Amino acid sequence: MNGAALDPRALRNAFGAFATGVTVVTAIADDGRPIGFTANSFTSVSLDPPLLLVCLSRTSRSFDAMTRTKGFAVNILADAQKDVSNTFARPIEDRFATVEWTRGPFGSPVLAGVAAWFDCRVEKIVDAGDHGVLLGRVEAFHDSDRNGLGYFRGGYFNPTLDARAVSAASAGHLHLGAVIERQDEVFLLGDAVRSLPGCDVDHGEPLAALQAKLEEVTGLPITIGFLYSVYAAEGNGRQHIVYRALAGEGPVRSGAFVPVDRLAQQRFDSQPTADVLNRFAMESSIGNFGVYVGNETAGRVLSIPRKA
Ligand SMILES: Cc1cc2nc3c(=O)[nH]c(=O)nc-3n(C[C@H](O)[C@H](O)[C@H](O)COP(=O)(O)O)c2cc1C
C-alpha cells in the first residue's frame, strides 16, 4: 500500500509486526505528582553521549507535563510485569498506588522489580507528527538479572519461555501437556491413578499436535490458552511444557472432569503432575495464576496478573 491515503489502522498493524519490549516512562510533574505511561516506542540511540528516546502521543493526558519536565525515567518491564504495563496504559487515576517505586538518582520515579531502568535528563524534545520524541541523556541506570516482557502484534509474550519451548521442540525432546478446564472442573485421565492428557512432540508444529491429541482424547473442542508450567524431567531428559486449555460442551470420550476442590484427594501418576495440579487448585481459589519454570524438583513461579 502507498500514496497519500494510507489506512492508519493497517499502518498501525504493520508497525506492530516489529517485536519490542515494554517500558513505563515516568517523571515528576511541576506540582510534584509522579506521572507515567506505558510505551513500547523506546529505542537506545547513542553510547557516547548516552542517549535514548521514547515517543509520546500528543493525545496523552500527560503530554504537557511530560514535555515540561527536566527529566524522565524509562523502566524496562520484567516478564512478570504485564499488570504494571496494563496499569500504566489505562486511565487509572493513581497509577503509582499499585506499584512500589522510589526516586532515581536524577529524580524521576524508578519502579521496583523491573528488568532495567534509566534515569535521564531531557536532552531535546522533537515534534514528530502526532507524537513528540523525548530524547533523554542517561544520568544513571540499573540493570537487574530479570528478563524483559515482550510485545508483538498487540499482545504480550515472554521471550525466555518461548525460546525454551522452541529450543526443546527443535531438539526433539518435548512433552506437551494440558490442564483442561471447564467451569470449575479439570479434565483428568485414569481412574484410581490420574494423569494429565498430553503427547510427545518430535517434529511438526507442537501446539497443533497438542490440540489434535486433546480433542482426540476428550472428544471435545479444545482451545489452548496460557502457558502454565515448563520443567525438565530428570528421568527421561524431556522438556515438559504444560498449557492451560478450555474444553467445549458435551460428553467426554474418555477420562473425567474432576471438580477443582476435589483435586487434593486424587492420586496422580507422578510428582510433577501432583505439583502442577496442587498449584492449579491453590491458584484457582485465589484467581491468580503463575507460570512455573524449573526442573521437576526446583524452580520458580512467575506471577501472572489476576484475571479481570
Ligand atoms: C504495550 C503498549 C505500548 C504503548 N506504547 C506507547 C508509546 O510508545 N507511546 C505512547 O504515547 N503511548 C503508548 N501506549 C499507550 C499509552 O500507554 C496509553 O495511551 C496511556 O493511557 C497514556 O496515558 P496518559 O494519557 O494518562 O498519559 C502504549 C500502550 C501499550 C499497552
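Above this note sits the structure.
These figures come from a predicted structure and were not determined experimentally.

Quick notes on the rules
Residues numbered from 1 in each chain as written. Predicted model: local features only at pLDDT ≥ 70, side-chain atom pairs only at ≥ 80, totals over all residues. Heavy atoms only, no water. Near = heavy atom within 4 Å. Polar contact = N/O pair within 3.5 Å; in protein donor to acceptor, adjacent residues only side chain to side chain. Areas by Shrake-Rupley, 256 points an atom, 1.4 Å probe, with all protein chains shown as cover. Nonpolar A, V, L, I, M, F, W, Y, C, P; charged D, E, K, R; others polar. Patch = residues over 30% accessible without salt bridge, like charges linked within 9 Å, V, L, I, M, F, W, Y side chains within 5 Å. Salt bridge = Lys/Arg side-chain N within 4 Å of Asp/Glu carboxyl O. Helix = DSSP H or I, 4+ residues; strand = E, 2+ residues; numbered from the N terminus. Pairing = 2+ DSSP bridges. Axes fitted to C-alpha atoms, helices over the stretch in contact; angles between N-to-C directions. Buried < 20%, exposed > 50% of the residue type's maximum accessible area, 1.4 Å probe, protein only. Phe/Tyr/Trp six-rings, centres within 6.5 Å; stacked < 30°, edge-to-face > 60°.

**Digging into the site of the ligand**
- Taken together, the neighbourhood of the ligand is formed by 16 residues, with Thr38, Ser41, Ser57, Ser60 and Ser62 sitting nearest.
- The side chain of Ser41 places a nitrogen or oxygen atom 2.6 Å from an oxygen atom of the ligand.
- Here an oxygen atom of the ligand and a backbone polar atom of Arg61 are 2.8 Å apart.
- Calculation on the ligand without its partners gives an accessible area of 640 Å², and the protein chains cover 79% of this total.
- Of the residues assigned to the shell around the ligand, the class counts are eight nonpolar, six polar and two charged.

**Comments concerning a nonpolar patch on the surface**
- On the surface, Leu6, Leu11 and Phe15 cluster together to form a nonpolar patch covering roughly 300 Å² of accessible area.
- With respect to the secondary-structure elements, Phe15 resides in helix α1 (residues 8–15).

**Points about the sheet that holds strand β3 (residues 34–39)**
- The sheet built from seven strands is open, its strands ordered β3-β2-β6-β9-β10-β5-β4 with antiparallel pairing. Taken across any chain shown, the strands that pair with only one partner, and hence form the sheet edges, are β3 and β4 (43–46). Adjacent strand axes in the sheet meet at a mean angle of 35° when their direction is disregarded.
- Across seven bridges, the pairing between strand β5 (residues 51–57) and strand β10 (residues 131–143) is antiparallel. When the sheet's bridge partners are listed, Cys55 is paired in β10 with Val133.

**Side note on the sheet that holds strand β1 (residues 20–21)**
- Read from one edge of the open sheet, three strands run β1-β11-β12, paired in antiparallel fashion. Lying at the two open borders of the sheet, with one neighbouring strand each, are β1 and β12 (155–157).
- Bridge count for strand β11 (residues 150–152) against β12 is three bridges, and the pairing is antiparallel. Bridge pairing in β12 places Phe152 opposite Gly155.

**A short note on α1**
- Among the eight residues in α1, zero count as buried, and that is only a small part of the element.
- Residue Asp7 occupies the N-cap position of α1, its side-chain oxygen lying 3.0 Å from the main-chain nitrogen of Arg9.

**Looking at the packing of aromatic side chains**
- Per the stated rule, a full pass over the model turns up eight aromatic pairs.
- Judged by centre distance (6.1 Å) and plane angle (20°), the ring pair of Phe42 and Phe118 falls under stacked. Here Phe118 lies in strand β9 (residues 116–128) and Phe42 lies in the loop between β3 and β4, a separation of 76 residues in the sequence.
- Phe42 gets classed as partly exposed once you look at its relative accessible area, which sits at 23%.
- Geometrically, the ring pair formed by Phe187 and Phe257 is edge-to-face, given 5.6 Å between the ring centres and 65° between the ring planes. Pair noted here: Phe187 is in strand β14 (residues 185–188) and Phe257 is in strand β19 (residues 256–259), with a separation of 70 residues, a long-range link. In terms of burial, Phe187 and Phe257 fall into one category: buried.
- Members of the aromatic cluster, joined through ring pairs, are Phe42, Phe118 and Phe141.

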